Amino acid sequence: MAKPAGRPHCAGQAGTCLFNPFREAVRIHGSGRTDAGVHALGQVFHVDAPDTHRIPADKWPAAINTRLPRTIRVIHAEYTGTGFHARFSATGKTYRYCISSEPILNPFDAGLAWHRPLAWSLDALTEAAGLFLGEHDFTAFAALRGNEPRPIPEDYFRRTITRADVRREGNHTFITFTGTGFLYKMVRLMAGAAHEAARGKITLEELNRLIRSPRPDDKSPFCAPPDGLTLMQVHYPDSVPENRPEQ
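If you're wondering where the values come from, they're calculated on a predicted model, not measured in any experiment.

Attention now moves to the overall build of the chain. The secondary structure content of the chain amounts to five helices and nine strands. Along the chain, helices and strands appear, N-terminal first, in the series α-β-β-β-α-β-β-α-β-β-β-α-α-β. Across the 247 residues in the chain, those meeting the buried criterion constitute 45%. Taking the contacts inside the chain whose residues are at least 6 apart along the sequence as the reference set, 72% of them involve residues at least 24 apart. Of the roughly 13,400 Å² of accessible surface on the chain, 51% is carried by carbon and sulfur atoms.

Pasting the structure below:
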């Protein structure tokens, strides 16, 4: 499903559509929130369907899509055990960031790629992205929403990145991050910092220090725009527990 900037979000739209067949308000539980302007090819949500509406799982996408805007589509549906929760059962997520180096941005890339036509090093970008691998305190790569617990727990900003790779296809460069979880604007701050290193605006040594030994007031040197960022996949365990994880 995709959520373009300035448009209603996926969960809200799906909830509105489900009101019709259910004839009652239903609560949609999404796997998480994305920034305005960020797209999703692998967003996941669940809803507790009344027993009176147990239609075949493969019929749900068509039933919902007929009422959704054309920019949002449900591509798969299945019934799960009662222990499944779209957000709390997730074990990780994969995001991909697209950078366009074309001299003039292709109009079809508008909103889907970060336009960076000036010279920068692909090798340095690859090395910079690799620095994020492992478990770290990502204090310098997180923005605050204002609803964080107070006082902020000691390990609040700790996350584990299991994949960080860079691939170029023509004039497009893709940075892919997989992790156990991501903080607010974390991927954009990581991508922005890695690209600053690729431009020579920050050394790899300084970037490495921000990752491994951040000071309380440290911040990434640049936050990449939402253009080009896509949630590719939400990861779940192979088996579903009998009871839902604590919320």
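Now for the packing of aromatic side chains. Summed over the entire model, instances satisfying the criterion amount to nine aromatic pairs. Ring geometry for Phe-132 against Phe-138: centres 6.4 Å apart, planes inclined by 20°, an arrangement best described as stacked. Across the pair, exposure class does not vary: Phe-132 and Phe-138 are buried alike. Through a chain of ring-to-ring contacts, the aromatic side chains of Phe-132, Phe-138, Phe-141 and Phe-177 assemble into a single cluster. Here Arg-116 stacks its cationic end above the ring of Phe-222, 5.9 Å away from the centre of that ring. Against the face of Trp-120 rests Arg-168, its NZ or CZ located 5.2 Å from the ring centre.

With that out of the way, let us pick up the environment of Ala-224. Turning to its location among the elements, Ala-224 is positioned in the loop between helix H5 (204-212) and strand E9 (229-235). Sequence spacing of Ala-224 and Ala-194 is 30 residues, and the spatial spacing of their C-alpha atoms is 9.8 Å. Excluding its chain neighbours within four sequence positions, the residues that come into contact with Ala-224 are Tyr-97, Trp-114, Arg-188, Ala-191 and Gly-192.

The subject of this paragraph is the confidence of the model for the chain. Reading predicted coordinates in detail is not appropriate for stretches of low pLDDT. Predicted confidence across the chain gives a mean pLDDT of 87, with 87% of residues reaching 70 or more. Overall, residues 1-8 carries pLDDT values under 50, and its contacts beyond four positions in sequence, including any with other chains, amount to 28 contacts.

Here we come to the pairing of strand E8 (residues 172-179). Of all eight residues that make up E8, eight are buried, and the element is covered over most of its length. Across the two faces of E8 the burial is the same, with His-172, Phe-174, Thr-176 and Thr-178 and Thr-173, Ile-175, Phe-177 and Gly-179 all buried. When strand E4 (residues 92-100) meets E8, the two strands line up antiparallel, connected through eight bridges. Bridging from a neighbouring strand, Arg-96 pairs with Thr-176 of E8. Two elements, strand E7 (residues 158-169) and E8, share eight bridges in a ladder whose sense is antiparallel. Paired with Asp-165 across the strands is Thr-176, a residue of E8.

Before going further, it helps to examine the side chain of Ser-100. Here Ser-100 lies in strand E4. For Ser-100, a relative accessible area of 0% translates into the label buried. Among the polar contacts made by the side chain of Ser-100, one reaches the main-chain amide nitrogen of Glu-102 at a distance of 3.4 Å. When neighbours within four sequence positions are excluded, Ser-100 is seen to be in contact with Leu-105, Asp-109, Ala-113, Trp-114, His-115, Arg-116, Pro-117, Asn-171 and His-172.

Counting residues in each nonpolar core, the largest one holds 42 residues, and the members touching the most others are Phe-132, Phe-141, Ile-175, Phe-177 and Leu-207. Elements represented by at least two residues in this core include exactly E4, helix H3 (122-130), E7, E8, helix H4 (186-198), H5 and E9. Examining the composition of this core, we find that nine residues originate from one element, H4, more than from any other. Those residues within four positions of Phe-177 in sequence are excluded, and the remaining contacts are Lys-93, Thr-94, Tyr-95, Ala-129, Phe-132, Ile-161, Arg-163, Ala-164, Phe-182, Val-187, Met-190 and Ala-191. Counting residues in hydrophobic clusters, the runner-up holds eight residues, among them Ile-28, Leu-68, Val-74 and Ala-77.

Position of Ala-142 among the secondary structure elements: in the loop between strand E6 (134-137) and E7. Placed 47 residues apart in sequence, Ala-142 and Leu-189 show a C-alpha to C-alpha distance of 7.1 Å. Aside from chain neighbours lying at most four places away, what touches Ala-142 is Phe-157, Leu-183, Tyr-184, Leu-189 and Lys-219.

Over its 13 residues, H4 runs 18 Å from end to end, which matches the ideal 18 Å to within 8%, given 1.5 Å per residue. Of the residues trailing H4, Gly-200 is marked for its positive phi of about 80°.

Rules behind the numbers
Residues numbered from 1 in each chain as written. Predicted model: local features only at pLDDT ≥ 70, side-chain atom pairs only at ≥ 80, totals over all residues. Heavy atoms only, no water. Helix = DSSP H or I, 4+ residues; strand = E, 2+ residues; numbered from the N terminus. Buried < 20%, exposed > 50% of the residue type's maximum accessible area, 1.4 Å probe, protein only. Contact = heavy atoms within 4.5 Å. Areas by Shrake-Rupley, 256 points an atom, 1.4 Å probe, with all protein chains shown as cover. Phe/Tyr/Trp six-rings, centres within 6.5 Å; stacked < 30°, edge-to-face > 60°. Lys NZ or Arg CZ within 6 Å of the ring centre and 35° of its normal. pLDDT = per-residue confidence, 0-100. Pairing = 2+ DSSP bridges. Polar contact = N/O pair within 3.5 Å; in protein donor to acceptor, adjacent residues only side chain to side chain. Core = buried A, V, L, I, M, F, W, Y, C linked by side-chain atoms within 4.5 Å. Expected span 1.5 Å × (residues − 1).

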